[in-house]
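# Structural overview for review
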Amino acid sequence: MNKFVKLIKIRLINGKKIKILQLFGKNVLYIEKYLNKKIKFYLRNNALTTNPSDNIFYLKINTIKDHSLECFQKWIDIANKKNAKVYIVCDDKKTELSLYKNIRFHDNFEVIRSKIKKLYPYMKSLSCKFWYNDVLTKLAIFYHASKHGHKNFWKIDADDTMFCIENDDIVTFLQNAEQISNEQNIKAFSLDIHTSKLYGKHWSFGVCYIDNTIDWFSIFQKYMNNGWKEKYNQRFKEGMNLDWFFTYLRDEKILNIKSFYINKSYFYHYHDRSSDLMKLSHWNDNKLIYPHLKCMNSYFGERPIFLGNICIGNAEASVYIKQEVSKDYNLYNLLAIYDNLEILYPPQGLGDILFVCALIREYKRSNPNKKIAILVTKKHFYDFAKLYQNEFF
């Protein structure tokens, strides 16, 4: 078979293994083999109970990193609970094969690509070279949704984002976001991943609901070459991309673009470019909190939720969530045992950790009642710091 026609093997959520005949990425024929050796052929899944043009998930995945499969599986399961049609946006063949091997699907998905030549002029005008691939992927989603008449859709970075909330509750919150977006005529409604973090200066796509009843490409054509990119680049000293263009559309009130959050919820953005310690977010009592930094009394541990953001509901807090918050660095158990604990987070280099560990003994002489924990992010750092473990407590 050639690149336009594929026969792939996938696992379903019920444990069944089936083969799917794909034509240009679309699943056109399902082949299921039974224990009695009977083979059943059936066409595309008809299990949707809602209008598929109004219930669409675009799940973007670039590559497989830590937690990527865990995140992707959760979004696949959420889409199924929402009876949504899933489009997997993936250009890397190895990543696609890894999904087929590791993810348990629910039948209703298709794979689309982003390398569409007619989108290249938009890509160049709406981003800097560093962000070309990312922007092209997002443009391909808008193009595909318009071409297929989808009135609205969710665009999700499914390889590195995850709510620490039960799937049924997530579906309810997403439906709340849709209702608010429709009632307030919000054209792009995105989770508060970067807005509050950067004090309202930057809007981002990570988990985003799009009203596709407007002609987005007319908007792109009208504003993409009007000097916005140079203006924002000079102002913020950042490489421009589609997120910044939507920030511009929001700031200039060209379109109604907002961010939302779920109060009391915890959310992972595993590949946050700012810091590994800011990958976990928690919204509570009008504050955006980064629990890993908050544990160390860092100045960057919290900030006010941006006034323009909209709360779409309240999540349930629990001990399970608290454990989830701190599992990466085992902080939960440490904080539960020790009342007088001081946590040190040195620069993550072997020389820096050596320097800090060497000074701990002297520090303890002046502060004999202090218990000290040193936070490291790599196993060989941990093995090295463990040599000084007797000095910590």
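Bear in mind the structure is a predicted one, so any value in this text is a computation, not a measurement.

With that settled, the discussion passes to the overall build of the protein chain. The number of helices and strands found in the protein chain is 14 helices and 20 strands. In the protein chain, which comprises 393 residues, the proportion classed as buried is 51%. Within the protein chain, contacts between residues at least 6 apart in sequence are counted, and of these 65% link residues at least 24 apart. Summing over all exposed atoms, the protein chain offers an accessible surface of approximately 20000 Å²; the carbon and sulfur share of this is 52%.

With that settled, the discussion passes to the environment of Leu242. Along the polypeptide, Leu242 turns up in helix 8 (residues 242-251). Every residue in contact with Leu242, bar those within four places of it in the chain, is listed here: Leu126, Val135, Lys138, Leu139, Phe142 and Phe205.

The subject of this paragraph is the packing of helix 1 (residues 68-81) against helix 5 (residues 167-183). One can describe the packing of helix 1 onto helix 5 by two numbers: an axis separation of 9 Å at closest approach and a directional angle of 65°. Considering only the axes of helix 1 and helix 5, their crossing is right-handed. Residue-level contacts link Lys74, Trp75, Asp77, Ile78 and Lys81 of helix 1 to Asn167, Asp168, Ile170, Val171 and Leu174 of helix 5.

Further remarks concern the sheet that holds strand 8 (residues 109-112). Read across the open sheet, the eight strands follow the order 8-6-5-9-12-11-13-18; overall the sheet is mixed. Each of the sheet's edge strands pairs with one partner strand only, and the pair in question is strand 8 and strand 18 (310-314). Taking each pair of neighbouring strands and ignoring which way they run, the sheet shows an average axis angle of 25°. Bridging between strand 5 (residues 56-60) and strand 9 (residues 152-157) involves four bridges; their strand directions are parallel. For Lys60, the partnering residue across the bridge sits in strand 9 and is Asp157. Each of strand 5, strand 9, strand 11 (188-191), strand 12 (207-211), strand 13 (257-263) and strand 18 is contacted by helix 5, which is oriented at about 145° to strand 18, the strand it contacts most.

Another aspect to go through is helix 4 (residues 132-147). Counted at 1.5 Å a residue, the expected span for helix 4 with its 16 residues is 22 Å, and the 22 Å between its end C-alpha atoms agrees. Of the residues making up helix 4, those classed as buried are Asp134, Val135, Leu136, Thr137, Lys138, Leu139, Ala140, Ile141, Phe142, His144 and Ala145. Of the residues flanking the end of helix 4, it is Gly149, one or two places downstream, whose phi is positive at about 70°.

Per the counting criterion, the structure on display carries 38 aromatic pairs. Arranged with centres 5.1 Å apart and planes meeting at 90°, the rings of Phe130 and Trp131 form a pair that is edge-to-face. When the ring of Tyr143 is compared with that of Phe217, the centres are 6.4 Å apart and the planes differ by 90°; the resulting orientation is edge-to-face. Here Phe217 lies in helix 6 (residues 216-223) and Tyr143 lies in helix 4, a separation of 74 residues in the sequence. In this structure, Lys85 packs its charged tip against the face of Tyr87, placed 5.4 Å from the ring centre. In this arrangement the basic side chain of Arg235 is found over the ring face of Tyr232, its NZ or CZ atom lying 5.9 Å from the centre.

Moving on to the environment of Glu178. Structurally, the position occupied by Glu178 is in helix 5. Taking C-alpha positions, Glu178 is 9.5 Å from Phe153, a pair spaced 25 residues apart along the chain. If sequence neighbours within four positions are ignored, Glu178 has contacts with Lys82, Trp154 and Tyr209.

Turning our eyes to something else, we now look at the pattern of salt bridges. Taken as a whole and judged by the stated rule, the model has 15 salt bridges. The partner of Lys138 in a salt bridge is Asp243, and the shortest N-O contact between them spans 2.4 Å. Placement of the pair is Lys138 in helix 4 and Asp243 in helix 8, with a sequence separation of 105 residues. Take Lys138 and Asp243: they sit in the same class, and that class is buried. Linked by salt bridges that have partners in common, Lys60, Asp134, Lys138, Lys155, Asp157 and Asp243 make up one network.

Moving on: the sheet that holds strand 14 (residues 266-269). By definition, the strands of a sheet pair up through backbone hydrogen bonds, in either a parallel or an antiparallel sense. The sheet built from five strands is open, its strands ordered 10-14-15-16-17 with antiparallel pairing. Pairing within the sheet leaves two strands with one partner each, and these edge strands are strand 10 (161-163) and strand 17 (302-304). Here the strands of the sheet are splayed against their neighbours by 20° on average, with no regard to which way each runs. Two strands pair when backbone bridges link them, and strand 14 and strand 15 (residues 280-284) are joined in this way by three bridges, in the antiparallel orientation. When the sheet's bridge partners are listed, Tyr268 is paired in strand 15 with Leu280.

Attention now goes to the confidence of the model for the protein chain. This prediction gives the protein chain a mean pLDDT of 85; 87% of its residues lie at or above 70. Across the protein chain, strand 11 holds the top mean pLDDT of 98, while helix 10 (residues 319-326) sits lowest at 52. For residues 46-50, every residue scores under 50 in pLDDT, and the model assigns this stretch seven contacts once sequence neighbours within four places are set aside.

Conventions adopted
- Residues numbered from 1 in each chain as written.
- Predicted model: local features only at pLDDT ≥ 70, side-chain atom pairs only at ≥ 80, totals over all residues.
- Heavy atoms only, no water.
- Helix = DSSP H or I, 4+ residues; strand = E, 2+ residues; numbered from the N terminus.
- Buried < 20%, exposed > 50% of the residue type's maximum accessible area, 1.4 Å probe, protein only.
- Contact = heavy atoms within 4.5 Å.
- Areas by Shrake-Rupley, 256 points an atom, 1.4 Å probe, with all protein chains shown as cover.
- Axes fitted to C-alpha atoms, helices over the stretch in contact; angles between N-to-C directions.
- Left-handed = near helix turned anticlockwise from the far one by under 90°.
- Pairing = 2+ DSSP bridges.
- Expected span 1.5 Å × (residues − 1).
- Phe/Tyr/Trp six-rings, centres within 6.5 Å; stacked < 30°, edge-to-face > 60°.
- Lys NZ or Arg CZ within 6 Å of the ring centre and 35° of its normal.
- Salt bridge = Lys/Arg side-chain N within 4 Å of Asp/Glu carboxyl O.
- pLDDT = per-residue confidence, 0-100.

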